[in-house]
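# Summary of the model geometry
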Amino acid sequence: MKAGVLYAREDIRYEEVETPVPKAGEVLVKVKYSGICGSDVPRVNGDGAHFYPIILGHEFSGVVEEVGEGVTKVKKGQRVAGAPLVPCMKCEDCMKGDYALCKHYSFIGTRQPGSFAEYICVPEQNAVPFDDSVSFEQGALFEPAAVALHGFELADRIASLLTEWQLENRSRFLRTESLTNHESEKVRDCMETFKLTI
């Protein structure tokens, strides 16, 4: 298969590499679309790669070409998007469902081969099925859309906490002499950031 392989800083080559074979619990995906993330830029133009050579790419969609032993949730021919975080599924955080806190994680396209290739092998749980009403181009945007959604959810929670805190401390804000200069600056910065007023 053809792949974009990063060998060193500013040295990415489009070349023939071996097509991966899915292991137990993995699926082989024929890549249809792969995005270039902002995090890929310093990996190519800077010193952001964990090792060389590496096939980058973690925003992708495609079709399941082959399934490894034990795969039950996706099947050959199914349209899928890739979820790039590969948690260990064994640590305490993973057992609690806090996969993003896994300290032993891998990541598609940075710590294992990515989607700047014709084919990619991913764990079954990282292949997210979608139906025909979603284009492959849209499917490749699942991961960046999830990142943006997470940002909105965090901002909403932060704004709620700040509003609650603001209401609880309104009288203290109005008596600025009770705040240190550092506290006053932090409060003003937060209020400007979140467009809050007292």
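In this text the structure is predicted, and so the values were computed from the model without any measurement.

## So, the packing of aromatic side chains
For the structure on display, the rule yields two aromatic pairs. Ring geometry for Phe-130 versus Phe-136: centroids 6.1 Å apart, planes at 75 degrees, classification edge-to-face. Take Phe-130: its relative accessible area is 10%, and that puts it in the buried class. Joined through ring pairs, the aromatic side chains of Phe-130, Phe-136 and Phe-142 make up one cluster. The ring centre of Phe-136 lies 5.9 Å from the NZ or CZ of Lys-32, which sits over that ring. When the ring centre of Phe-136 is taken as reference, the NZ or CZ atom of Arg-79 above it lies at 4.1 Å.

## Concerning the pairing of strand β2 (residues 11-16)
In terms of strand pairing, strand β1 (residues 2-8) meets β2 through six bridges, oriented antiparallel. Residue pairing in the sheet places Lys-2 in a bridge with Glu-16 of β2. A loop of two residues connects β1 with β2, the two strands running antiparallel in sequence, and Glu-10 in this loop sits at a positive phi of about 60 degrees.

Cut-off values and rules
- Residues numbered from 1 in each chain as written.
- Predicted model: local features only at pLDDT ≥ 70, side-chain atom pairs only at ≥ 80, totals over all residues.
- Heavy atoms only, no water.
- Phe/Tyr/Trp six-rings, centres within 6.5 Å; stacked < 30°, edge-to-face > 60°.
- Buried < 20%, exposed > 50% of the residue type's maximum accessible area, 1.4 Å probe, protein only.
- Lys NZ or Arg CZ within 6 Å of the ring centre and 35° of its normal.
- Pairing = 2+ DSSP bridges.
- Helix = DSSP H or I, 4+ residues; strand = E, 2+ residues; numbered from the N terminus.

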